[in-house]
Amino acid sequence: MTDNIAGSPTSDSPLPTDGYVGDPAVRAEWDSRYTDRQQLWSGQPNGALVAEVEGLKPGRVLDVGCGEGADAVWLARTGWDVTALEVSGVALERAAGHARDAGVGIRWVHAGLAEAALPPASFDLVSAQYPALLRTPDAAAERALLAAVAPGGVLLLVHHAGMDTQQADDRGFDPADYVWPSMVAALLDEDWVVEVDEQRPRVAPDGGAGAHHTDDVVLRARRLR
């Protein structure tokens with residue numbers, strides 16, 4: 001890994017909370033969401049991740065939007081060399097605590113995906129589980145996901161089915177503002193092969209935000225070169 005990734009491979013390393021790179025408004029929004037609840041998510045790894053990673057040889061993985069760290073800790077426990085990226089410093093503090101409790105080492109990156117100084121084509125797996133990636137005219141987030149995958153590596157993008165077709169609501173959520181799996185799939189060229197592109201029943205852990213969603217859209221693509 002290169003020096004421009006914040007954090008270190010040890011789980012007790014200082015978090016890069018003062019070196020955040022990204023939109024301050026996005027950071028503030030997610031910090032507020034985490035601060036409002038002692039625990040936002042279930043604390044268990046996402047079911048689609050567990051299912052799709054089975055059979056893959058552990059290597060270097062980027063966990064995009066790691067939240068409170070359940071996926072990152074699970075991946076580290078199963079032999080992966082984990083880099084976990086998150087916009088919320090509150091979430092990263094919790095994630096680092098869970099990693100310490102589990103005795104695993106994880107690199108923490110406090111940044112937005114499009115703004116993070118990630119080494120290109122360096123991850124054997126890029127996992128984005130229900131990410132809240134803002135859409136931009138230049139498709140910066142979509143291209144950042146693809147650019148991070150090493151030749152021979154896998155991009156795994158999982159989202160709640162049907163959310164992209166909803167209307168904007170009074171809470172300020174507008175699906176048109178966000179990146180959905182179909183937008184990433186549309187950018188895949190002859191350097192990629194799609195291994196999974198389907199809607200399936202969600203294997204949801206008990207509790208946590210988003211537990212009411214019943215179906216997933218799963219996109220798994222392998223970079224050939």
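Structure first, text after, so check above.
A few points on the structure. (Residues numbered from 1 in each chain as written. Predicted model: local features only at pLDDT ≥ 70, side-chain atom pairs only at ≥ 80, totals over all residues. Heavy atoms only, no water.)

Topic: the pairing of strand β5 (residues 149–160)
Here's step 1: Among the twelve residues of β5, ten are classified as buried, and the element is accordingly described as predominantly covered.
Here's step 2: The pairing of strand β4 (residues 123–129) with β5 spans six bridges and is parallel. When the bridges of β5 are listed, phenylalanine 123 appears paired with valine 149.
Here's step 3: Note on the crossover from β4 through helix α5 (residues 140–148) to β5: the handedness is right-handed.
Here's step 4: In the sheet, β5 pairs with strand β7 (residues 215–223) via seven bridges, with the strands oriented antiparallel. Counterpart to histidine 160 in the pairing with β7 is aspartate 216. (Buried < 20%, exposed > 50% of the residue type's maximum accessible area, 1.4 Å probe, protein only. Helix = DSSP H or I, 4+ residues; strand = E, 2+ residues; numbered from the N terminus. Pairing = 2+ DSSP bridges. Right-handed = clockwise from strand over helix to strand, strands pointing away.)

Let's talk about the sheet that holds strand β3 (residues 106–110)
Here's step 1: Strands sit in the order β3-β2-β1-β4-β5-β7-β6 across an open sheet of seven strands; the sheet is mixed. Each edge of the sheet is formed by a strand with only one pairing partner; in this case those strands are β3 and β6 (192–201). Each neighbouring strand pair of the sheet contributes to a mean axis angle of 15 degrees, computed without reference to strand direction.
Here's step 2: Relative to β4, strand β1 (residues 60–64) runs parallel, the two being bridged by four bridges. Bridge pairing in β4 places aspartate 63 opposite serine 127.
Here's step 3: Each of β1, β4, β5, β6 and β7 is contacted by α5, which is oriented at about 140 degrees to β5, the strand it contacts most. (Axes fitted to C-alpha atoms, helices over the stretch in contact; angles between N-to-C directions. Contact = heavy atoms within 4.5 Å.)

Considering the environment of proline 58
Here's step 1: Residue placement: proline 58 occurs in the loop between α2 (47–53) and β1.
Here's step 2: Accessibility expressed as a relative area gives 38% for proline 58, which makes it partly exposed.
Here's step 3: The sequence separation of proline 58 and alanine 76 amounts to 18 residues, and the corresponding C-alpha distance is 9.3 Å.
Here's step 4: Apart from the residues within four sequence positions on either side, proline 58 is in contact with Thr78, Gly79 and Trp80.

Brief notes about the nonpolar core
Here's step 1: Among the nonpolar cores identified, the biggest contains 27 residues, and Leu75, Trp80, Val82, Ile106, Trp108 and Leu125 are the most heavily contacted of them.
Here's step 2: Those elements that place two or more of their residues in this core are α2, α3 (70–77), β2 (81–86), α4 (89–102), β3 and β5.
Here's step 3: Once residues within four sequence positions are removed from consideration, tryptophan 80 is found in contact with Val53, Leu56, Lys57, Pro58, Gly59, Arg60, Val61, Leu75, Asp124 and Leu125. (Core = buried A, V, L, I, M, F, W, Y, C linked by side-chain atoms within 4.5 Å.)

Observations concerning the packing of aromatic side chains
Here's step 1: If you walk through the whole model with that rule in mind, you get one aromatic pair.
Here's step 2: With a centroid separation of 6.2 Å and an interplanar angle of 45 degrees, the aromatic rings of tryptophan 30 and tyrosine 34 are classed as tilted. You can see tryptophan 30 and its partner tyrosine 34 sitting in helix α1 (residues 24–35), four residues apart, about one turn around the helix. Across the pair, tyrosine 34 and tryptophan 30 agree in class, each one buried.
Here's step 3: Stacked on the ring of tryptophan 30, the Lys or Arg arginine 33 has its end atom at 4.3 Å from the ring centre. (Phe/Tyr/Trp six-rings, centres within 6.5 Å; stacked < 30°, edge-to-face > 60°. Lys NZ or Arg CZ within 6 Å of the ring centre and 35° of its normal.)

Take it as geometry only, folks, not as evidence of what the structure does.
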